[in-house]
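Descriptive analysis of the structure
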Amino acid sequence: MKYNRVWIPDNEEVWQSAEITKNYKAGDLFLHVQLEDGTELNYPVDPAALPPLRNPDILVGENDLTALSYLHEPAVLHNLKVRFVESKLIYTYSGIILVAINPYKQLPIYGDAIIHAYSGQNMGDMDPHIFAVAEEAYKQMARNNKNQSIIVSGESGAGKTVSARYTMRYFATVSKSTSNAHVEDKVLASNPITEAVGNAKTTRNDNSSRFGKYTEISFDQSYRIIGANMRTYLLEKSRVVFQSENERNYHIFYQLCASAMQPEFQHLKLGSAEKFNYTRMGGNTVIEGVDDRANMVETQKTFALLGNFLGISTTYSHLNIFCELLDLNFDKMTQWLCHRKIITTSETVIKPMTKPQAVNARDALAKKIYSHLFDFIVERINQALQFTGKQHTFIGVLDIYGFETFDVNSFEQFCINYANEKLQLQFNLHVFKLEQEEYMKEDIPWTLIDFYDNQPVIDLIEAKMGILELLDEECLLPHGTDENWLQKLYNNFVNKNALFEKPRMSNTSFIIQHFADKVEYKCEGFLEKNRDTVYEVLMEILKESKFRLCANFFQDNPVSISPFSSTINIKSARPVLKPPNKQLRMTVGSKFRSSLSLLMETLNATTPHYVRCIKPNDEKQPFEFDSKRVAQQLRACGVLETIRISAQSYPSRWTYIEFFSRYSILMTQQELSLNDKKQICKIVLQRLIQDPNQYQFGRTKIFFRAGQVAYLEKLRSDKLRHACIMIQKNVRGWLQRKKFLRIKQAAVTIQQYFRGQRTVRALKQTWAAIIIQKYCRGYLVRKLCQLIHVAAVTIQAFTRGFLARKKYRKMLEEHKAVILQKYARAWLARRRFQNIRRFVSNIQLSYRVQRLQKKIEEQVRNTSQFMICTVYLSYLFPRGVVVNTIPGLPAHILFMCVRYADYLNDADMLKSFINVTIDGIKQVVKENSENFEMLSFWLSNTYYFLNCLKQYSGEEEFMKSNTPRQNKNCLKHFDLSEYRQILSDLAIRIYHQFIVVMENNIQPMIVPGMLEYESLQGISGLKPTGFRKRSSSIDDTDTYTMTSILQQLSYFYSTMCQNGLDSELLKQAVKQLFFLIGAVTLNSLFLRKDMCSCRKGMQIRCNISYLEEWLKDKNLQSSNAKETLEPLAQAAWLLQVKKITDDDAKEICEHCTSLSTVQIVKILNSYTPIDDFEKRVAPSFVRKVQAMLNNREDVPQLMLDTKYLFQVTFPFTPSPHALEMIQVPSSFKLGFLTRV
């Protein structure tokens, strides 16, 4: 159809997008299309194989490739490119596979905060990540008690080693052992060693693993790491003696050379790497950005034994050092490196070697020594990781080479590709099995799906009279050659096996059709590498070494030092006579086949999880996407095969609740009135898609054939577009009516103005006359008033003077009589007071003597009662205390007991009482460490007790607000500042535990309530989630909502208030909770691309407003809790704001001050449109924002630290309650206390 978009092949980009410009009719030979650059093109088509359709833009950039409506190679390639280049996301799911693209750049997505964010989460709930795969394996192991395997594969430089390292780090972090052995640290410590001795720089990768590795991490019944074991496969021994241009030998050699001057290595007599033949072949001994000496320090931490095997030169000086270090006979080694012994039935002949033969003998010896040393190191690692007791379960991490094809492919590539054939067969069968189980679980009829079966290729290699057996057979012949073996292959397989071919232009090569591609192998060197021979005489010399480790390497029956190390003595390729009890040696190929079979048995007995590492370009440029290279690897690693299997049946699968939420806009009111959502979905789908063969209804999901989701999206977009047009029509009409009324009102106003001008002129004249009259009359009245005022003041002055003089004369006459009366009355009063004072003093003396006697008798009894009071108060339960009492009543009672001890001046009693009080509080808090109400109660009372000690300490700074009555109750004899510090520390401990309990209670609600729950009805952000489903349930009533969070906050608040917690402490606790809510929500948003949409921003902003309203309702605006939500609020704003122009970028930079540059860029890259009306953020816009933020000095950290605690302060708030007025309720059962 016209305007549909399709994919057509392209030589540069593999596929390019085009839009159909003319309807295609059956029988047309050309498809009229327009490319994205505007080029018109008549593309020739085959009616039986039309170009694949492109997915709607709304489905591009999905977390899971299986969520795409059209599943094919161009759709997969485009989705990966959009995620990698535009969104800077390196992980993508493809069904059960995690596709990991190497970014060639350090990313802030592997910290402990990220690990904890993925821990406990379902695999589809968060963005794709290597930690999500590790968590899924760990969770399935714990849930099903079944062993797991994580298979990491990919070509050199794709990031396999790093991915395997991160999975091991994840297990070590989430399952730390409780013992002091720190087993998880030992497991991680093995990586630097194996990378040093088994990794090297190649043209494709600076840290390429040159061996396969399967690490089995063992767990106990509590699913904590107890040990590990490592198996290795096919070490590239030829690298020891030869490296191509711009490549290096194994890292350990260069680390040793760089550390040659260190004291511990001086006895090895090392020098610069440029001095040794085996380390300088590649031409460059240094890797840019790598410090070999620093890496050696890291390697030394777990290395116990190192040897000097840098390469045996033909010079006598190096040979002499070699013999000295290994304690060998120099003369014998000199002779037999240059001569060989030939034994016949009649005589023994010693024959000098040619120079090439001597070099081969030297190289074979070096390879054999290094191979044994490598196996020895692996065995030592395994010994260090051994564990006592029984292994309950294990998780295996397989880091193995991917499919390889070079210009020249030899024995190593043959073995590597053979291993990948075996792994691909296991993968195909597992995918097929999962697909069948999904159909059976959903009660959908299972139809046989055709998938690529590579068993014939495996049979070609390993079956009887296959390639490997013919190779071993040729190796046993005295005069076997590569050419004779190749001729046998030609005779057995050419024109007889379709998977084997003979090159047209070569007689020294053969071609095998592997599952990924055709590979041409050059036969030269196959026999030599398969035999792995070392001359017998040289081995006998090494057996005689006085260096025990070296001698043990070459014994006939050495102790096995690795599960796959060679225990067979390797002999000369020439026919020699041997005793009859000697066994024939095993070839490299047969050993590899045996180890591979054991590996496959192990993998088949576990639940596999697949990680496919992809190399985006060969230049190691960050976030550069070479479509050709990526497509080649996708075909080779099985991703496209998974897609093909899914696409054959029903690739798109939605839960009923997802379908209902997404397409409720297409439902009629009558359909929505039904209560059963599942039934609604069935009715709607039957109405929208007439062909019932295009979908199937399962128990929990709806299965769609390819293209049906795209069709539903088109219907939904059309409905939304029609609604938008209707809204626009009404809004535009309203705006025009508003404009008309405004113009009409303006015309009326102008008319009123001109009509009123004439009337106004007449009124102004009249008003001017009245004003003149007013001022004239006022002047005359004021003049008369001033004359009258002057006359009145004069009369008053004379009258007041006369009266004052008369009063003064009278007072002068009466003054002398008053003085006489004063002295007489004072004498009488003093006499009466002296009589009363003598009487009262006698009475007081008698009373005080009686009281002192009574007090001495009761002192001992009171001391023990106070101790009982202290212990009893410590175990009071808050619910029985807080009702109708003053805040901190137990604290006031405890202080009154302290004051009594101070009154008695009894230091022992005071010390004992306070110690018992503090120990009692500690014990109660320890026993109720998860009881929020008890913690709240004792936090409040500890705080009040501390304030009482300050208020009545007698220190001036704490007495400013005291009443005179309270000042009389201050302590007289003791300074308790030391105990105040102890109580302050105790209060901080209680507060931290109090915060932990609140956080543990509310944390499970945060993400479901703040992020996932749709509080704004009608604004849904759900999209298809592919193979990884968040939920398969129809009923979502049990999930947490925003109301759950608000109810939990209200419970915390009411409990704190009931227990009388100080308002400032309460505000600090609320601020800490709000910080946690904001941090957890924001961290989850960073790791969930599906949540980064405009509509989700509206939901988050709405939920924040609910929290702000709650603060206002509780009168907590001054707590600064709202400010802790500012990063989340800015993130919500960023999701909603326009992101197109330079002004938009400037506004973002000015507004988002609480977000770091990394966080802003992450949100912009993760922004995901929900509808066709929204647009993705252009990469150029993201770069523009990033450039504007370059001057910011912020921490390059993505995740917020959810464990961060604000510093707590305990403000001094004096108690307004006088101690004399405090009453002890009878409910306290403290009747033995009496007020003194």
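No experiment lies behind these values; they were computed from the predicted model shown. (Residues numbered from 1 in each chain as written. Predicted model: local features only at pLDDT ≥ 70, side-chain atom pairs only at ≥ 80, totals over all residues. Heavy atoms only, no water.)

1. Quick look at the overall build of the protein
The helix and strand tally for the protein stands at 38 helices and 21 strands. Sorting the 1236 residues of the protein into buried and exposed places 50% on the buried side. Taking the intrachain contacts of the protein between residues at least 6 apart in sequence as the baseline, contacts between residues at least 24 apart amount to 72%. Taken as a whole, the protein presents about 62,300 Å² of accessible surface, with 54% of it coming from carbon and sulfur. (Helix = DSSP H or I, 4+ residues; strand = E, 2+ residues; numbered from the N terminus. Buried < 20%, exposed > 50% of the residue type's maximum accessible area, 1.4 Å probe, protein only. Contact = heavy atoms within 4.5 Å. Areas by Shrake-Rupley, 256 points an atom, 1.4 Å probe, with all protein chains shown as cover.)

2. Considering the pattern of salt bridges
One pass over the full model with this rule turns up 35 salt bridges. Glu-236 serves as the salt-bridge partner of Arg-239, at 3.0 Å between the closest nitrogen and oxygen. Per residue, the accessibility class of Arg-239 equals that of Glu-236, and both read buried. Between Glu-474 and Lys-488 there is a salt bridge, with the nearest N and O atoms lying 2.9 Å from each other. Residue Glu-474 is located in helix H14 (residues 467-476), and its partner Lys-488 is located in helix H15 (residues 482-493); the two are separated by 14 residues in the primary sequence. Classification of Glu-474 by relative accessible area gives buried; the value is 1%. Because the salt bridges share partners, they merge into one network encompassing Arg-5, Glu-36, Arg-54 and Asp-57. (Salt bridge = Lys/Arg side-chain N within 4 Å of Asp/Glu carboxyl O.)

3. Notes on H15
Here H15 spans 16 Å end to end across twelve residues, near enough to the 16 Å set by a 1.5 Å rise per residue. Along H15, the residues classified as buried are Asp-482, Trp-485, Leu-486, Leu-489, Tyr-490 and Phe-493. Down the axis, H15 shows its buried residues gathered within 145° of arc, on one side only. Looking at the packing, one finds that the buried side of H15 touches helix H13 (455-462), H14, strand S15 (500-501), strand S16 (509-513) and helix H16 (526-531). (Expected span 1.5 Å × (residues − 1). Arc of directions from axis to C-beta.)

4. Section: a nonpolar patch on the surface
Taken together, Ile-727, Val-731, Trp-734 and Leu-735 make up a surface patch of nonpolar side chains, about 390 Å² in accessible area. Relative to the elements of secondary structure, Val-731 occurs in helix H25 (residues 708-874). (Patch = residues over 30% accessible without salt bridge, like charges linked within 9 Å, V, L, I, M, F, W, Y side chains within 5 Å.)

5. A short note on the UniProt feature "binding site: ATP" (unreviewed entry) in the protein
Mapped onto this structure's residue numbering, the UniProt feature "binding site: ATP" (unreviewed entry) falls at Gly-154, Glu-155, Ser-156, Gly-157, Ala-158, Gly-159, Lys-160 and Thr-161. Counting through the fold element by element, Gly-154 comes out in strand S7 (residues 148-154). Here Gly-154 is in contact with Lys-160, Ile-400, Tyr-401, Gly-402 and Cys-613, once residues within four sequence places are set aside. Its location among the elements puts Ser-156 in the loop between S7 and helix H4 (160-174). (UniProt positions renumbered as here; feature names shortened; annotations may be inferred.)

6. Some words on the sheet that holds strand S20 (residues 695-697)
In spatial order, the strands read S19-S21-S20; together these three strands make up an open sheet with antiparallel pairing. The open sheet has two edge strands with one neighbour each: strand S19 (652-655) and S20. Taken over all neighbouring pairs, the strand axes of this sheet differ in orientation by 20° on average, direction set aside. Along the sheet, helix H24 (residues 677-688) makes contact with S20 and strand S21 (701-704), crossing S20 at roughly 160°. (Pairing = 2+ DSSP bridges. Axes fitted to C-alpha atoms, helices over the stretch in contact; angles between N-to-C directions.)

7. What to know about the packing of helix H33 (residues 1094-1113) against helix H35 (residues 1126-1136)
At a minimum axis separation of 7 Å, H33 and H35 run at an interaxial angle of 145°. Crossing handedness for the pair H33 and H35: left-handed. For the pair H33 and H35, contact is made by Cys-1094, Gly-1097, Met-1098, Ile-1100, Arg-1101 and Ile-1104 and by Leu-1128, Ala-1129, Ala-1132, Leu-1135 and Gln-1136, respectively. Per-class residue counts for the contact of H33 with H35 are eight nonpolar, two polar and one charged. (Left-handed = near helix turned anticlockwise from the far one by under 90°. Nonpolar A, V, L, I, M, F, W, Y, C, P; charged D, E, K, R; others polar.)

8. What to know about helix H17 (residues 536-543)
Along H17, seven of the eight residues are buried, which leaves the element largely enclosed by surrounding structure. Among the residues of H17, those classed as buried are Glu-536, Val-537, Leu-538, Met-539, Ile-541, Leu-542 and Lys-543.

9. Points about the sheet that holds strand S10 (residues 212-219)
Here seven strands make up an open sheet; going across it, the order is S5-S6-S18-S7-S14-S10-S11 and the pairing mixed. Here the strands that pair on one side only, and so sit at the sheet edges, are strand S5 (91-94) and strand S11 (225-233). Put simply, the sheet's adjacent strands are angled 20° from each other on average, direction ignored. Looking at chain direction, strand S6 (residues 97-101) and strand S18 (residues 607-614) are connected through five bridges and run parallel. By the bridge assignment, Leu-98 is partnered in S18 with Val-611. Across the face of the sheet, helix H12 (residues 411-441) comes into contact with S6, S7, strand S14 (393-401) and S18 while running at roughly 125° to S18. Packing against the sheet, helix H19 (residues 588-604) makes contact with S7, S10, S11 and S14, and its axis sits at approximately 145° to S11.

10. Here's the deal with the nonpolar core
In terms of nonpolar packing, the biggest core is built from 301 residues, with Phe-171, Met-333, Trp-485, Phe-510, Phe-659, Phe-994 and Leu-1107 touching the most fellow members. Those residues within four positions of Trp-485 in sequence are excluded, and the remaining contacts are Ile-467, Leu-470, Leu-471, Glu-474, Phe-510, Cys-523, Phe-526 and Leu-527. Val-6, Ile-8, Ala-18 and Val-45 belong to the second-largest nonpolar core, a separate cluster that totals eight residues. (Core = buried A, V, L, I, M, F, W, Y, C linked by side-chain atoms within 4.5 Å.)

11. With respect to the packing of aromatic side chains
If you walk through the whole model with that rule in mind, you get 45 aromatic pairs. Measuring from centroid to centroid gives 5.7 Å for Trp-485 and Phe-510, while their planes differ by 90°, and the two rings are edge-to-face. Here Trp-485, found in helix H15, pairs with Phe-510, found in strand S16; they are 25 residues apart in sequence, far enough to count as distant. Each member of the pair, Trp-485 as well as Phe-510, carries the same accessibility label: buried. Ring pairing ties together the aromatic residues Phe-411, Phe-414, Trp-485, Phe-493, Phe-500, Phe-510, Tyr-521 and Phe-526, which thus form one cluster. We note Lys-88 situated over the ring of Phe-623; from NZ or CZ to the ring centre the distance is 5.4 Å. (Phe/Tyr/Trp six-rings, centres within 6.5 Å; stacked < 30°, edge-to-face > 60°. Lys NZ or Arg CZ within 6 Å of the ring centre and 35° of its normal.)

12. What to know about the pairing of strand S2 (residues 14-20)
The side chains of a regular strand alternate, residue by residue, between the two faces of the sheet. Examined bridge by bridge, strand S1 (residues 5-10) and S2 share six bridges and lie antiparallel to one another. When the sheet's bridge partners are listed, Pro-9 is paired in S2 with Trp-15. Connecting S1 to the antiparallel partner S2 that follows it, the hairpin turn spans three residues. Direction of pairing for S2 relative to strand S3 (residues 30-35): antiparallel, over a ladder of three bridges. From the neighbouring strand, Glu-19 faces S3, where its bridge partner is Gln-34.

13. Digging into the environment of Asn-835
Relative to the helices and strands, Asn-835 resides in helix H25. Taking the relative accessible area as the measure of exposure, Asn-835 reaches 43% and is therefore partly exposed.

14. Digging into the environment of Phe-427
Residue position: Phe-427 is located in helix H12. Here the alpha-carbon distance between Phe-427 and Gly-638, two residues 211 residues apart in the chain, equals 8.0 Å. Every residue in contact with Phe-427, bar those within four places of it in the chain, is listed here: Ile-96, Ile-97, Tyr-610, Arg-612, Gly-638 and Thr-642.

15. Some points on the pairing of strand S4 (residues 40-44)
Bridge analysis of S3 against S4 gives five bridges, and the strand direction is antiparallel. By the bridge assignment for S4, Phe-30 is matched with Pro-44. Hairpin connection of S3 to S4: four residues between the antiparallel strands, including Gly-38 at a positive phi of 95°.

16. Brief notes about the environment of Glu-136
Checked against the element boundaries, Glu-136 lands in helix H3 (residues 130-144). For the pair Glu-136 and His-609, spaced 473 residues apart in sequence, the C-alpha separation works out to 8.6 Å. Not counting chain neighbours up to four residues away, the residues in contact with Glu-136 comprise Met-123 and His-609.

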